[in-house]
Amino acid sequence: MDRAAASPPLVALLALLFAGAACGDDRETPPPPEDPCKLGFLGEEGEDLRIEVIALGADGAARPVDDGDALDILMPPQGGRVVFLGARATNLSACGVQLSGSLRDTVSGRVMSESRTINLDPTGDGWGASVDVDISTFANVGVCPNNWSGRDIYDEDYEIVVQVRDRDGRMAKETRRVRPACGEPGLEIECRCICKHGYILGEACE
C-alpha cells in the first residue's frame, strides 16, 4: 500500500481524537446525590443538639421521664419484658438518628442496653420524637427475664440513660433515676415472676 495514500485518514483520526479530548473538558460536573431524607432539619442549624427523655407507658402513650418517675416494664412482641426508651430532640436532621437507651443497676453497676437508627417524627414545633404507635422508634431495652441484676427489676431504684447521635456525629445524653414497675394490665403476675431477682429460665410463674 502507498504510504502517502494512508496519511490523510491518519491525520483525520488524530484530529478527531484531539477534538474529543477538548470537548471532554467542557463537560458539566454531575450534581451531588440527592439527600434521601425528606423530613428536613429540626430546630436551628448551628445550635447545640438538645434532647428530652420519653418512655412508652402501659397505656401505649409516651411521656416525659423525670427523676423519681415510675417506668413501665412492658411485654414486646418478641416476648420477655423491656422498657421502651425514646427521645424528643431538636437542632438536628430528623433522619438517620442513632438512639441508644440503657437501664443500669446502681448497686452492681450492671447495664442492659440497646441502640438503633431511627427517623424522628417532626412535631411541628422544631422538635422531633419517637412515635407512640411505632415501637421501632424506641430503644427496646430487654430487662427480663432477670438473669443480670443483683435485685428485683421492679419496685427498686435504677438509672436510665438515653443518648442521641446525629448524622454529623454530634451527641446529646440525658440520665434519669427511675423506679421500674410491672403495671401492664393482666400481665403483672408474670412480670413480677420473670423480673424478680434469682429467676431461673423456664421457671413456672403462678
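Computed from a predicted model, the values in this text were never measured in an experiment.

**Here we look at the nonpolar core**
A general tendency of soluble globular proteins is for nonpolar side chains to be buried together.
Part 1 of the argument: Ranked by size, the top nonpolar core spans 38 residues in total, and within it I73, V143 and I153 carry the most contacts.
Part 2 of the argument: With residues near it in sequence (within four places) discarded, I153 still touches I73, L103, V143, C144, N146, W148, Y158, P180 and C195.
Part 3 of the argument: Within the second largest apolar cluster, six residues are counted, among which are L56, V82, F84 and F138.

**With respect to the pairing of strand 11 (residues 139-144)**
Part 1 of the argument: Summarising burial for strand 11: five of the six residues are buried, a large majority.
Part 2 of the argument: As judged from the five bridges shared by strand 5 (residues 81-90) and strand 11, these two strands associate in the antiparallel manner. Bridge assignment links R81 to a residue of strand 11, and that residue is C144.

**Focus: a negative patch on the surface**
Part 1 of the argument: Together, E44, E45, E47 and D48 make up a region of like negative charge exposed at the surface.
Part 2 of the argument: Topologically, D48 is positioned in the loop between strand 1 (41-42) and strand 2 (50-56).
Part 3 of the argument: For D48, a relative accessible area of 62% translates into the label exposed.

Definitions and cut-offs
Residues numbered from 1 in each chain as written. Predicted model: local features only at pLDDT ≥ 70, side-chain atom pairs only at ≥ 80, totals over all residues. Heavy atoms only, no water. Core = buried A, V, L, I, M, F, W, Y, C linked by side-chain atoms within 4.5 Å. Buried < 20%, exposed > 50% of the residue type's maximum accessible area, 1.4 Å probe, protein only. Contact = heavy atoms within 4.5 Å. Helix = DSSP H or I, 4+ residues; strand = E, 2+ residues; numbered from the N terminus. Pairing = 2+ DSSP bridges. Patch = residues over 30% accessible without salt bridge, like charges linked within 9 Å, V, L, I, M, F, W, Y side chains within 5 Å. Areas by Shrake-Rupley, 256 points an atom, 1.4 Å probe, with all protein chains shown as cover. Salt bridge = Lys/Arg side-chain N within 4 Å of Asp/Glu carboxyl O. Lys, Arg positive; Asp, Glu negative; His and termini not counted. Charge placed at Lys NZ, Arg CZ, Asp CG, Glu CD.

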